[in-house]
Amino acid sequence: LENALVRMELRRIMNIKRDNNGPEKVWALGIEGVGKDTYAYALAEAKHPADPNARLNHVFRIDACRTEADTSRIFGANPQYVNAWEITELIKFAVKHSGGKYHMEKNSQGYDCVKPGPGKEPQFQPHEGILFVNEFHDWGEKATNLVLKEFLETGRLKINSPNGGVAEIYVPLTTYIA
């Protein structure tokens, strides 16, 4: 089944016309156990057939965000909170898939920040990264608004505590919602 999904996705990718106004959106609907998660990872493998670690390197999975703490962990804490200076793993993933538009570096205090332009680390194009939004029906209102209104419509992610770097990045990742 997974090989058939990979072949199907490869055919789809070859024929896709990108929407330059925002990220590619994939909605997966179905009851538990029909293969929504399997398809998300098969999508990554189809986009990166030569990468044996495509599931790890190109999929950022976000499970249900119900509370403000969940939302802060994924999207970043407000500046008044403890650890607000930390750049989240989601932002780091987006930078890695920005096609060289952004890179990570340390500021004068030793904190990570996002700067414009290519860095030394290898980077991928935005359509190669998959933001896997899992169990979306269980998400809280704040997280839903962040994903739908902030990111899904525009491809923009805000950095709550930029640490001297940019405060917002535009990376239209493929967004897979299950």
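Right above here is the structure, for reference.
Residues numbered from 1 in each chain as written. Predicted model: local features only at pLDDT ≥ 70, side-chain atom pairs only at ≥ 80, totals over all residues. Heavy atoms only, no water.

### Things to note about the nonpolar core
Formed by 29 residues in total, the largest nonpolar core has its most connected members in Ile62, Leu90, Ile91, Leu131, Trp139, Leu157 and Ile169. Among the elements of the structure, strand 2 (59-62), helix 4 (68-75), helix 5 (89-96), strand 5 (130-133), helix 6 (141-152) and strand 7 (168-170) are those that each provide at least two residues to this core. Element by element, the count of residues in this core is highest for helix 5, at five residues. Contact partners of Leu131, with chain neighbours within four places excluded, come to Phe60, Ile62, Leu90, Phe151, Leu173, Thr174, Thr175 and Tyr176. Counting 13 residues, the second-largest nonpolar core is a separate cluster that includes Val26, Ala28, Ala54 and Ala178. (Core = buried A, V, L, I, M, F, W, Y, C linked by side-chain atoms within 4.5 Å. Buried < 20%, exposed > 50% of the residue type's maximum accessible area, 1.4 Å probe, protein only. Helix = DSSP H or I, 4+ residues; strand = E, 2+ residues; numbered from the N terminus. Contact = heavy atoms within 4.5 Å.)

### Some thoughts on the sheet that holds strand 5
Pairing in this open sheet of four strands is parallel, and the strands run 1-8-5-2 from one edge to the other. A single partner strand is all that each edge strand has here, and the edge strands are strand 1 (25-27) and strand 2. Across the sheet, the mean angle from the axis of one strand to that of its neighbour is 15°, orientation sign disregarded. The pairing of strand 5 with strand 8 (residues 174-177) spans four bridges and is parallel. Across the sheet, the residue bridging to Ile130 is Thr174, located in strand 8. Helix 2 (residues 36-47) rests against strand 1, strand 2, strand 5 and strand 8 of the sheet, and its axis sits at about 180° to strand 5. (Pairing = 2+ DSSP bridges. Axes fitted to C-alpha atoms, helices over the stretch in contact; angles between N-to-C directions.)

### Description of empty space enclosed by the protein
Leftover empty space is mapped by rolling, across the atoms, a probe with the size of a water molecule. Scanning the entire structure with this criterion turns up one cavity of 30 Å³ or more. Lining the largest cavity we find 11 residues, and of these Gly76, Glu86, Ile159, Asn160 and Ser161 sit closest to its centre. Counted by class, the lining of the largest cavity contains five nonpolar, four polar and two charged residues. (1 Å grid on protein atoms, 1.4 Å probe; cavity = no way out; pocket = protein on both sides within 12 Å on 5 of 7 lines; lining within 4 Å. Points joined across faces, edges and corners; volume = space filled by probe spheres on them. Nonpolar A, V, L, I, M, F, W, Y, C, P; charged D, E, K, R; others polar.)

### What to know about the side chain of Asn107
Assignment of secondary structure puts Asn107 in the loop between strand 3 (102-106) and strand 4 (112-116). For Asn107, a relative accessible area of 15% translates into the label buried. Here Gln109 takes part through its backbone nitrogen, which lies 2.9 Å from a polar atom of the side chain of Asn107. Those residues within four positions of Asn107 in sequence are excluded, and the remaining contacts are Cys113 and Asn163. (Polar contact = N/O pair within 3.5 Å; in protein donor to acceptor, adjacent residues only side chain to side chain.)

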